[in-house]
Amino acid sequence: MRELFARLRDWIRRDQLDRELREELQFHQQQLERDMSPSDNAHAMRRLGNITAVREAARERWCVPWMDSVQQDVRYAIRGLRRNPGFTTVVVLTLALGLGANAAVFSLLDRLFLQTPSGVADADGLKRVYLTQFYRGEAQIADRYNYPELVDIRSAMPEILSAVYETDSVSFETSSSSRMITATFTDANYWKTLGVSLARGRSFTADEARIEVPGTVAIVSHRFWQRNLNSTGDLTGVNVQLNGKRYDVIGVAPEIFEGLDWGATDIWLTLGAMSIEEFGPGRYWYTIRSTRRLQLVVRPPASVTANALDMRLTQVFRVGSVAAGYELDSIARIETGSIIAARGPLTRGTEQVIATRLAWVSVLVLMIACANIANLLLTRLTERQREIAVRLALGVSRTRLARQFFVELITLTGLSLLTALLVGNWSGSLLRSSLIPGVRWSGSAIDAKNIAGIAGATLLITLMLALVPMVHLRRFGTTNALRNGQRATARNGTLRTALVIGQTALAVVLLSGAMLCVESLRRVMDVRIGYDVPQVAFAIPQLKSERGGVAFQRGAELGQALRETAAQLARAPGVESVALSSHSPMGGFNMTSTRVFGSDSEPKLKGGGPMVRNVSPEYLKTVGMQLTAGRFFNASDVQGAPLVTVVNESMARIAWPGQSAIGQCLTFYNTSVCRTVVGIVQDAHIASVVEDATMQAYLPFDQASKTGGPMRPAALIVRAAPDQMPMALAKTRMLLSTAIPNSELRLQTLEQTVAIGSIIGMIGTVALSRYASSLFYETSIGSPIIPLGIAAVVMCTALLASIIPAWQAGRVSPMTALRSE
Amino acid sequence: MTKRDLLPGLLDMLVLKTLSVQTMHGYGIAQHLQRLSKDVISVEEGSLYPALHRMRQKGWIRAEWGHTPNNQRARYYTITALGRKHLGAQEEGYAELMAGVRRIMKPV
């Protein structure tokens, strides 16, 4: 072993050893001459000739023959590659592109599917809980629960650690600005169940975190702590203002923990801090079972198997549902799944779709690159026929030649690998920030796992590509080659044609996907939200009752206060107009039974509806909707006056096809009272940037209730020029907090709402697959522009590719061509 | 004189023995061997230097450049602890071998 290392070391130093030996031998000779008598000089002269032999013999001690020949091969390969810089560059870049794309995408997939949430102790022991129910024969899987269900589960299994949480965005307000941050609302067990110890401070006590207690305390993330709060001092007196309310900061999370889900959490609050509503005396959101908002994770002890746990949970769930008087679907079941959400049974989220689609794309790209390179290699080999023939004739064995080609190939792929790692790092960061911005990433795009993966792929590709010269050499006819020089053999031609066809086919697949992408992206860009987004903001105040919930019964007061505030606000400088509404412009709607007067069927549209909103007459002007026919509400549409309504274009088209909707009748609330359609407005979005067309109807506040009487407004909408917006917002906040003391205020501009929505909308459409037309926004594979586009691209490419050789061929004089034969 | 080939193990042993007494350069080793054996054993450079290098790779001897009394540059070899150990083993083996040969060749 020691000798092996010594030999290796000596091989590296062999030039130096050679020199030293020469010097040593010279000394030896000098000594001999000095000691020798003249008669022996002849002897000495003869021995001089031995030096070379001696050196050769000695040199054997530090020669490693196969390493020498490998080094020779590498030198030869590098020389050859430098002589053909064009070929080298193309091959290296092509392969680097393919490998780099894969490296980048692999890191995405790794993050989504393989990485457990960081900072959590023993992540494999932590499980998410999924509920499967069957509704009209279809399985529906949910991962969210209502609070009473959770109470049932926990009281039936008190020995199992569990945590309950929900994530939402809240408005973080400083003296100068406000922005939306991500908040996770948790119970007291959250930190213990996850096994995360805080870096500073303490977590919620059981008392603080009781659900009936309104939130007063908060734990911030390390990032938030550093960016927005005093990051070095201690926690006394540190507080934040969220949604108009102050919270004391009692702890800071460790740097590596940013929540359990993909988007990072900035701040943790108690469950009691969620915006809560009271639905009647003693009925709060956490006592009713109709909405499911909370997520559950459990950490079962090692002694409980997954199956046993699932069965117990299912049992508890069923018992609880029956006790609550709900119709139990007998095939409902609960199963626990990995903490990595991507691995759970829920239908794939947007991020997963994108990542998997991208993976397919990059694999295709790599395959195209490989086919390309194989083709190029074949071409090169054909050009080198004469060289190969000469070397074979000189006595180089075919094995040696094959090894030589292999070394050349490895050099090429090695260079590509290095380039790919560089490219992959850059493109990985690009991919992350542009396509999946909702996820918080840590670490660089290329890490050890990634490098190992890509290196493995490179090796595989090298071995595959090495078949090309091997096969070529096998069939090599030396005499033919020497005689014919560079003429390509027929067999080579078939393989090359096959490679070209294969590449083109793969490229067409990619191209069609890309075109679909571009089309749908274009349509998303073209989407008109229906409002003047930069100029609109809305405020939604929520009253708190004495017990901390929002008082629904005091709605009349709230409505009055809003109306008065609206009147005041309309006179403020910078404010163009103010309106009242039951919802914020993209914040939802009411659903109530709406019928075309005199008909039994309800109009149906894929997006659903009709969605009903109650608005004040200034609504149209304030949000910037367009009126296409008739009129909007005005001051004469009051209680007692003829009942009116305004519908959107989609509804007008569906409910009264071929006729004008103006003057038609609609009934609401299952009554038979006719409300006349007096106006038609353009379609506007009611929930998100990317949504299907919906039917919408508007009612004036004064006539909006079931009996035709007034309803109360819930939101105040402000229109101001973009540069006046901050002032308008400040004025709004001031007026509202004075008019409605003891309320929580949610104040947001439409731009903020749309920004978040757009990204998500675009993400959903930037996906690539031939089988995913449902994912494309109003585009189908059948649109004719796509095959035409692809044909055009392929022809242009072919044209470009043939220009240079054709031009060169044209420049050759016939005599030269004939003579070279 | 007829040239006989020295077993390679034998040459190693002789060199190590020489160096166990004193540090020497290659020429000195050759002279020493020749003199002490009364010209029976005459080592040529072609055998000596490769053997020296082999022993260096095995870690039995160490080489350093130094100066002769005449202030000429020469490479001096020293035996190492590992070399001494090997020398001891070789000596024992060789003694055994010679005893065995002698027993066979005893005049009848």
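The structure reproduced in this document is the subject of the present report. Please read all numbers here as calculations on a predicted model, not as lab measurements.

So, how was this worked out
Residues numbered from 1 in each chain as written. Chains lettered and ligands numbered in written order. Predicted model: local features only at pLDDT ≥ 70, side-chain atom pairs only at ≥ 80, totals over all residues. Helix = DSSP H or I, 4+ residues; strand = E, 2+ residues; numbered from the N terminus. Buried ≥ 20, exposed ≤ 12 C-beta atoms within 10 Å, placed from the backbone. Contact = placed C-beta atoms within 7 Å. Core = buried A, V, L, I, M, F, W, Y, C linked by C-beta atoms within 7 Å. Nonpolar A, V, L, I, M, F, W, Y, C, P; charged D, E, K, R; others polar. Expected span 1.5 Å × (residues − 1). Arc of directions from axis to C-beta. Axes fitted to C-alpha atoms, helices over the stretch in contact; angles between N-to-C directions. Parallel < 35°, antiparallel > 145°, perpendicular 65-115°, else oblique. Left-handed = near helix turned anticlockwise from the far one by under 90°. Pairing = 2+ DSSP bridges.

### Looking at the overall build of chain B
When you go through chain B residue by residue, the secondary structure sums to four helices and three strands. Sequence-ordered secondary structure for chain B, helices as α and strands as β, is α-β-α-α-β-β-α. Taking all 108 residues of chain B together, the buried fraction comes to 28%. When contacts within chain B are restricted to residue pairs at least 6 apart in sequence, long-range pairs at least 24 apart make up 48% of them.

### Examining the nonpolar core
Residues and elements named next belong to chain A. V578, V646, V647, L716, I717 and V718 are the most contacted members of the largest nonpolar core, which has 57 residues in total. Residue contacts for V718: discarding those within four places in its chain leaves A537, L569, V575, V578, A728 and T732. Grouped together as the second largest cluster of nonpolar side chains are 53 residues, A163, Y247, W268 and Y286 included.

### Some details on the interface of chain A and chain B
Between chain A and chain B, the contact holds 18 residues from the first and 14 residues from the second. Listing elements by their share of the side of chain A that touches chain B, those giving two or more residues are helix 1 (2-12), helix 2 (14-35) and helix 4 (50-59) of chain A. Broken down by element, the side of chain A that touches chain B gets its largest block of residues, six residues, from helix 2 of chain A. A class-by-class count of the residues in the side of chain A that touches chain B yields eight nonpolar, three polar and seven charged.

### Examining helix 2 of chain A
Residues and elements named next belong to chain A. In this model helix 2 runs 31 Å from its N-terminal to its C-terminal C-alpha over 22 residues, within 8% of the 32 Å that 1.5 Å per residue would give. Every buried residue of helix 2 is listed here: L21, E24, L25, H28 and Q31. The buried residues of helix 2 occupy an angular sector of 120 degrees when projected down its axis, which confines them to one face. Exposed and facing more than 90 degrees away from the buried side of helix 2 are D15, Q16, R19, Q26 and R34.

### A look at the environment of A:L242
Looking at the secondary structure, you find A:L242 in strand 8 (residues 239-242). Contact partners of A:L242, with chain neighbours within four places excluded, come to A:V170, A:S171, A:F172 and A:Y247.

### Here's the deal with the packing of helix 7 (residues 147-156) of chain A against helix 10 (residues 306-323) of chain A
All names here are of chain A. As a packed pair, helix 7 and helix 10 sit with axes 9 Å apart at the nearest point and diverge in direction by 130 degrees. With respect to helix 10, the axis of helix 7 lies oblique. Considering how the two elements wind past one another, helix 7 and helix 10 form a crossing that is right-handed. Side by side, helix 7 and helix 10 meet where E149, D152, I153 and A156 of the first sit next to L313, V316, F317 and G320 of the second.

### Quick look at the sheet that holds strand 3 (residues 73-79) of chain B
On the basis of which strands lie adjacent, the open sheet formed by three strands has the order 1-3-2 (chain B) and antiparallel pairing. In this open sheet, the two edge strands, each paired with only one partner strand, are strand 1 (24-25) and strand 2 (61-67) of chain B.

The values are spatial; any link to function lies outside them.
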